[in-house]
Amino acid sequence: AKGFYQYYVELDYEAARTQFEKVRAKWPSNYESLRALGLVERRLGRWEESKSHIEQAILLDPLRGDLHGLLTSVLMSMRDFEPALRMVDSALKLSPENVQVISMKAGILQSLGRLDEAESVIKPLQQSRPENQEPIFRQAVLQRQYGVAITALQAMLDQKADNLTTAGLHLGLGRNHALAGDAKRAAEHFERARTLVLAEMKRQPKNAAPLESLAWTFCFLGDRENALKHIEKAIGIAAKDVSQRLDYEETRMEIWAHFGDRDQAIPEIARLLKLSYFGPLTKVELRLDPIYDKLRGDPRFDALLKE
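A. Just the packing of helix H13 (residues 208-220) against helix H14 (residues 224-237), in detail. Interaxial distance between H13 and H14 falls to 8 Å at its minimum, and their mutual angle equals 165°. Relative to H14, the element H13 lies roughly antiparallel. Note on packing geometry: the crossing formed by H13 with H14 is left-handed. Facing H13, whose interface residues are Ala208, Leu211, Glu212, Leu214, Ala215, Phe218 and Cys219, H14 presents Asn226, Ala227, His230, Ile231, Lys233, Ala234 and Ile237. Considered class by class, the residues forming the contact of H13 with H14 number 10 nonpolar, two polar and two charged.

This is the structure:
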């Protein structure tokens, strides 16, 4: 309990890791301490150690589907997509209706560029909570089917999620309306997102997630300066959380890409492609996502796709 308090409340990942190691030393047959180590080591960027501890936990309790799902997420973060696909199938055998695991499988297939297979996997997600439906609109964006993305996002919006999730849905709707050529409706969604995120920032001033959402809002409203200012703040707050920080650094890169800042975006892409973190950048995204359209034709960007 002390270790989880240090992990979730104090965000002191090194202290939590030390505490979980003490528990493991005294109680080596308990899978929970190994699972806890796997969790905290992701935050510290210790991916091989995280993978090893979760694998050991599975050996102790091989019928726990959540452990298979956790190992899947670690393998995805490390870009080991084929082993992740095998592991997610193991998780689905244990929990065939688990929408979080189904969502992960769809994400893996999308990262591998196997969009036709992902299409059949995402169907059960349509009635799930918004946080599990990201592969649905990601699929539509990668296929540039903006109308499909708008329909999916609107259905999620109708489920009345929390403020931050709702703001994210408005951002997605705004972006897809903009890509579809409807600037007026896009602006309406971006303004709604800004209102929700500003309210959430007052409620959670030390949380980096609203700052990232606000950065995206300013980005899509065309305010480059404020977009970069807020994502830099998010990066600063997440400084101790290596994986989350890199995720925010990817957002900063995408903001540069959105504005066509090639000299900033392209070297950062090259760096991020070599690193492990939650939801890592992939070459499939670089090839298909419209946010990189302003980088296309630059020899440096094209070279990254071929490496």
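B. Geometry of the packing of aromatic side chains. Enumeration according to the criterion identifies eight aromatic pairs in this entry. Between Phe4 and Tyr8, the aromatic rings sit 5.9 Å apart at their centres with planes inclined by 15°, giving stacked as the arrangement. Note that Phe4 and Tyr8 are positioned in helix H1 (residues 2-8) at a spacing of four residues, about one turn of the helix. Its relative accessible area of 23% is what places Phe4 among the partly exposed residues. According to the relative accessible area criterion, Tyr8 is exposed, its value standing at 52%. Between Tyr292 and Phe301 the ring centres are 6.4 Å apart and the planes differ by 25°, which places this aromatic pair in the stacked class. With respect to burial, Tyr292 and Phe301 carry one shared label: buried.

C. Looking closely at the pattern of salt bridges. Evaluated as defined, the whole model comprises 26 salt bridges. With a shortest N-O distance of 2.6 Å, Asp289 and Arg175 are connected by a salt bridge. Residue Asp289 is located in the loop between helix H17 (283-288) and helix H18 (299-306), and its partner Arg175 is located in helix H11 (residues 163-179); the two are separated by 114 residues in the primary sequence. One network of salt bridges, with partners in common, ties together Glu232, Arg245, Glu249, Arg252, Glu268 and Arg271.

Calculation rules
Residues numbered from 1 in each chain as written. Predicted model: local features only at pLDDT ≥ 70, side-chain atom pairs only at ≥ 80, totals over all residues. Heavy atoms only, no water. Axes fitted to C-alpha atoms, helices over the stretch in contact; angles between N-to-C directions. Helix = DSSP H or I, 4+ residues; strand = E, 2+ residues; numbered from the N terminus. Parallel < 35°, antiparallel > 145°, perpendicular 65-115°, else oblique. Left-handed = near helix turned anticlockwise from the far one by under 90°. Contact = heavy atoms within 4.5 Å. Nonpolar A, V, L, I, M, F, W, Y, C, P; charged D, E, K, R; others polar. Phe/Tyr/Trp six-rings, centres within 6.5 Å; stacked < 30°, edge-to-face > 60°. Buried < 20%, exposed > 50% of the residue type's maximum accessible area, 1.4 Å probe, protein only. Salt bridge = Lys/Arg side-chain N within 4 Å of Asp/Glu carboxyl O.

All we've got here are geometric facts, nothing functional implied.
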